[in-house]
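If you want the building blocks of each chain, they are given just below.
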Amino acid sequence: MIRFTRVQKVYPRTGVALDDVTFGVGKGEFVFLTGPSGSGKSTILKLIFADELPTSGEVKIANVSSATLRHRDVARLRRKLGVVFQDFRLLEDRTVEANVGFALEVTGAPASVIRPRVARLLTQVGLASKAHALPPELSGGEQQRVAIARALANDPVVLLADEPTGNLDERATRGVFQLLREINGTGTAVMMATHDLDLVKRSDCRSIEINHGRIVFDTGDNSPGVV
Amino acid sequence: MTLATREALLAFRRAPMLSALSVTTIAFSLFAFGLFGLVALNIREALSKLEDRVEIRAFVGDGTAIESSAAALGDIQAFPEVATAALGDIQAFPEVATAALVTPTQALERARSELGEFSDVFDAGILPASIDVRLKPGFRDPASVRAVAARIRSYEFIEDVRFGEEWVEKLYQIRNVATIAGTVLGLTFALVAVIIIGSTIRMAVLARAREISIMRLVGATDSFVRRPFLIEGALKGAMGGTVALFLTWATNEIIGRVVFSAEFFDVRLSVAGIFAGALIGLVGSAVSVGRHLKSV
Ligand SMILES: Nc1ncnc2c1ncn2[C@@H]1O[C@H](COP(=O)(O)OP(=O)(O)OP(=O)(O)O)[C@@H](O)[C@H]1O
Ligand SMILES: [Mg+2]
């Protein structure tokens, strides 16, 4: 469902960020992306949600290829993905409810669909009681849950998480990770970049380690078609 | 209310200072445009008033039977049928607004009233009868005037045709220069207004760059992102236009009281001005947002 084939990414000013990266992620998988700072984890995620395009090679997401992707296809692709970040990226002057509903509004969904769906999502992430709060009134863990609820709004096939627990304490980290596992349990693939090696070790999930833009090991790429 | 409209209105509420600043900037650039428009309008008015005075005077030949009989009686009824028929002909020319017969008596009266104290230099009968022709607007350029004059001259009882050729020529030149200068200046002003408005909207776009990136992140299309900004731009443009219209009107009133009273835009032009403001706001927004979307 996600397939990188000999992907190279060269940024104009900083040079090679990824080199000859090939891997695949299947439906419903949970994959960690690990590696030192600057190794290229975020770049891989950006290539997946088409924030960047590969310099060479191909990135294929849910049958959409980077080679043929046009600017106007990006929006449609992103509705199949959910993305969360270390810094949450919420609209601070809108309620929790509005933040989650936002992702549905941009697809043109009617209010009659949005309202119950938002309520269900907030229940799923355990924030039903905070629907009318503003993000700054929430803890970091809670804000990340709002971001996750928003990422799930359009029923994505993959949830991308770029250091989602980077700003959270131990307890909140475990809570958010638990939530991601639950979401993965419902069939959504999850790809999570992290520095938290304890978390990776404890969880027994597949992990891909990057260093200097190359995959140094992958605990479980058993998907076919690797060149 | 659509989402886009709501977002646009929300922008005003969330950034009232920035919005007020944009509206003020737009208002002042349109105000400058409005003042220019007012000057242009009044110059045009003045020129068209002058143009109204473009007139062809066709003198009826001296000593002809027609002339003398008319002169003797001093009124139009006495004018033989051939001249009255010609008058009808001339009136039917497509370029002609009015054609009127001036008998020698009337001509004398007119000359006396125009010349005041020298009035008694004229004796009855000195002045010939004439047909005075005024042209419709749009046919007052030298070529049309000359053509009509030539056609009138072809009547055998017409002895001479005068229409102040040089004067018509000069007026026409002035009008052309004024039109060209007006168009060039007007376009320049409009362009400057678009640039100013575009940059104030650019500020609004930058102020919401984060929001735009989040919209795009969750799968908003470019047109979806653009729409609230277009509405916002059009609204700001219309508001700026209204303020500018008011300022222009107030300035006109003050000038009218202190210096001389000038023509103001009619309702149609005023509404068109506000619409132009909205349009400029729309275009400025489209350009700013388009540029921003392309850059991310
Ligand atoms: N937008 C960009 N423009 C230019 N260079 C970039 C850009 N984003 C990343 N890079 C470069 O690409 C390399 C990989 O960056 P990336 O953000 O993918 O690393 P990372 O593994 O996510 O690091 P971290 O763990 O610190 O988040 C770095 O050398 C970085 O300087
Ligand atoms: Mg990173």
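Scroll up for the structure.
Reference entry: report on the structure contained in this document. Each chain has its residues counted from 1, following the order in which its sequence is written. The naming scheme follows written order: chains are lettered A onward, ligands numbered 1 onward. Confidence filtering applies because this is a predicted model: local features only for residues at pLDDT of at least 70, side-chain atom pairs given and counted only at 80 or more, and all residues used for totals across whole chains, interfaces and linings. Side-chain measures here rest on the full set of heavy atoms in the structure, leaving out hydrogens and waters.

A few words on helix 3 (residues 96-105) of chain A. Burial within helix 3 of chain A is extensive, with eight of its 10 residues counted as buried. Every buried residue of helix 3 of chain A is accounted for by Val96, Asn99, Val100, Gly101, Phe102, Ala103, Leu104 and Glu105 of chain A. Where the residues of helix 3 of chain A are buried, they touch helix 4 (111-124) and helix 5 (140-152) of chain A together with helix 1 (3-14), helix 8 (209-217) and helix 9 (222-258) of chain B. Only protein chains enter the area calculation, which uses a 1.4 Å probe; residues under 20% of their type maximum are buried, those over 50% are exposed, and those in between are partly exposed. A run of H or I in DSSP counts as a helix once it spans at least four residues, and a run of E counts as a strand once it spans at least two, with each numbered from the N terminus. Any two residues having at least one pair of non-hydrogen atoms within 4.5 Å are treated as being in contact.

This brings us to the environment of Gly240 of chain B. Residue and element names in this part refer to chain B. Counting through the fold element by element, Gly240 comes out in helix 9. Counting along the chain gives 73 residues from Gly240 to Trp167, while the straight-line C-alpha distance between them is 43 Å. With sequence-adjacent residues up to four places away left out, Gly240 is seen in contact with Val23, Ile26, Ala27 and Leu30.

Another aspect to go through is the interface of chain A and chain B. On the side of chain B, 17 residues touch chain A, which itself brings 19 residues to the contact. Note on chain A versus chain B: buried area summed over both sides is about 1,600 Å², and carbon and sulfur give 58% of it. By buried area we mean how much accessible surface two parts lose on assembly, using a 1.4 Å probe and totalling the loss over both. By the criterion of area lost to chain B, the three top residues of chain A are Arg78, Arg94 and Val106 of chain A, representing 30% of everything that side buries. Salt bridge, as used here, is a side-chain nitrogen of Lys or Arg placed within 4 Å of a carboxyl oxygen of Asp or Glu. Applying the counting criterion to the chain A and chain B interface returns three salt bridges. The definition of a polar contact used here is a pair of N or O atoms within 3.5 Å, where within protein one atom must be able to donate a hydrogen and the other to accept one, and adjacent residues in sequence count solely through side-chain atom pairs. Taken together, chain A and chain B are joined by seven residue pairs in polar contact (both at pLDDT 80 or more). Broken down by secondary-structure element, the contributors of at least two residues to the side of chain A that touches chain B are helix 2 (73-78), strand 6 (81-85) and helix 3 of chain A.

This part takes up the pairing of strand 7 (residues 158-162) of chain A. Residue and element names in this part refer to chain A. Among the five residues that make up strand 7, five are buried, leaving the element largely enclosed by the rest of the structure. Where strand 7 meets strand 8 (residues 189-193), five bridges bridge the pair, whose relative direction is parallel. Each bridged residue has a counterpart across the sheet, and for Asp162 the counterpart in strand 8 is Ala193. For the handedness criterion, the strands are oriented away from the viewer, and a crossover whose path from the first strand over the helix to the second runs clockwise is classed as right-handed. Read from strand 7 through helix 6 (residues 170-185) to strand 8, the crossover connection turns out right-handed. Pairing between two strands is assigned when DSSP locates at least 2 bridges connecting them.

As a further point, take the sheet that holds strand 4 (residues 158-162) of chain B. Residues and elements named next belong to chain B. Judged by pairing direction, the sheet is antiparallel, and its four strands sit side by side in the order 2-3-1-4 without closing on themselves. Single-partner strands in this sheet number two, and they are strand 2 (96-102) and strand 4. Taken over all neighbouring pairs, the strand axes of this sheet differ in orientation by 20° on average, direction set aside. Simply put, an axis is a line fit to the C-alpha atoms, just over the touching stretch for a helix, and the angle between two N-to-C directions goes from 0 to 180 degrees.

Bringing the site of ligand 1 into the picture now. Residue and element names in this part refer to chain A. Residues in contact with ligand 1 amount to 14 residues; listed here are only the nearest, Thr14, Ser37, Lys41, Ser42 and Thr43. Measuring from an oxygen atom of ligand 1, one finds a side-chain N or O atom of Ser37 at 2.5 Å. One nitrogen or oxygen atom from the side chain of Glu163 is found 3.2 Å from an oxygen atom belonging to ligand 1. Reported accessibility uses the Shrake-Rupley method at a 1.4 Å probe radius. Residues are deemed covered only where the shown protein chains occlude them. For ligand 1, the protein covers 68% of the area, taking 630 Å² as the surface of the free molecule. Whether a residue is near a molecule or strand depends on its heavy atoms: it is near if one of them lies within 4 Å of it.

This brings us to the pairing of strand 8 of chain A. Residues and elements named next belong to chain A. Burial runs high along strand 8: five of the five residues are buried. Side chains of strand 8 alternate between two faces, with Ala189, Met191 and Ala193 and Val190 and Met192 buried alike. Where strand 3 (residues 30-34) meets strand 8, four bridges bridge the pair, whose relative direction is parallel. In the sheet register, Phe32 faces strand 8, and the bridge partner there is Met192.

This part is about the environment of Ala133 of chain A. Residues and elements named next belong to chain A. Structurally, the position occupied by Ala133 is in the loop between helix 4 and helix 5. C-alpha separation for the pair Ala133 and Thr95, spaced 38 residues apart in sequence, amounts to 5.3 Å. Not counting chain neighbours up to four residues away, the residues in contact with Ala133 comprise Arg94, Thr95, Val96 and Leu138.

This part covers the nonpolar core. Residue and element names in this part refer to chain A. For the purposes of this section, nonpolar cores are sets of buried Ala, Val, Leu, Ile, Met, Phe, Trp, Tyr and Cys residues that join through side-chain atoms within 4.5 Å. Of all hydrophobic cores here, the largest spans 61 residues; its most connected members are Phe30, Phe32, Leu122, Ile148, Leu180 and Met192. No other element matches helix 5, which puts six residues into this core. Contacts of Leu122, omitting those with residues within four sequence positions, involve Val96, Glu97, Val100, Leu127, Ala128, Ala131 and Ala149. Among the nonpolar cores identified, the runner-up in size contains 31 residues, and Phe4, Val25, Ile44 and Ile61 belong to it.

Let us look at the sheet that holds strand 1 (residues 2-11) of chain A. Residues and elements named next belong to chain A. Read across the sheet, four strands follow the order 2-1-4-5 without closing on themselves; strand pairing throughout is antiparallel. The outermost strands of the open sheet, each flanked by one partner alone, are strand 2 (15-25) and strand 5 (64-65). Pairing of strand 1 with strand 4 (residues 56-61), which is carried by five bridges, proceeds in the antiparallel orientation. Residue pairing across strands places Phe4 opposite Val59, the latter belonging to strand 4. Packing against the sheet, helix 1 (residues 41-48) makes contact with strand 1, strand 2 and strand 4, and its axis sits at approximately 115° to strand 1.

Right, let's get into the packing of helix 2 (residues 16-52) of chain B against helix 7 (residues 165-207) of chain B. All names here are of chain B. At a minimum axis distance of 10 Å, the contact between helix 2 and helix 7 shows a crossing angle of 175°. The pairing of helix 2 with helix 7 is recorded here as roughly antiparallel in orientation. Grouping the amino acids of the contact of helix 2 with helix 7 by side-chain chemistry returns 23 nonpolar, six polar and two charged. An angle counts as roughly parallel when it lies under 35 degrees, as roughly antiparallel when it exceeds 145, as roughly perpendicular when it falls between 65 and 115, and as oblique in every other case. Nonpolar residues are Ala, Val, Leu, Ile, Met, Phe, Trp, Tyr, Cys and Pro. Charged residues are Asp, Glu, Lys and Arg, and all others, Gly as well, are polar.

Another aspect to go through is a nonpolar patch on the surface. Patches here: salt-bridge-free residues with over 30% relative accessible area, like charges joined within 9 Å, nonpolar side chains (Val, Leu, Ile, Met, Phe, Trp, Tyr) joined within 5 Å. Taken together, the side chains of Ile254, Ile255, Val258, Val259 and Phe260 of chain B define a hydrophobic patch exposed on the protein surface, amounting to about 520 Å² of accessible area. Under the relative-accessibility criterion, Val259 of chain B is labelled exposed at 60%.

As enumerated under the stated definition, the model contains 29 salt bridges over all chains in all. The residue Glu52 of chain A makes a salt bridge to Lys9 of chain A at a minimum N-O spacing of 3.2 Å. Here the residue Glu52 of chain A occupies a position in the loop between helix 1 and strand 4, and Lys9 of chain A occupies one in strand 1, the gap between them amounting to 43 residues. On the basis of relative accessible area, Glu52 of chain A is assigned to the partly exposed category, the value being 23%. In this structure, Arg57 of chain B and Asp132 of chain B form a salt bridge, with 3.5 Å as the shortest nitrogen-oxygen distance. With Arg57 of chain B in strand 1 (residues 55-60) and Asp132 of chain B in strand 3 (residues 130-135), this residue pair connects regions lying 75 residues apart in the sequence. Under the relative-accessibility criterion, Arg57 of chain B is labelled partly exposed at 25%. One network of salt bridges, in which partners are shared, links Arg94 of chain A together with Glu7, Arg208, Glu211, Glu232 and Lys236 of chain B.

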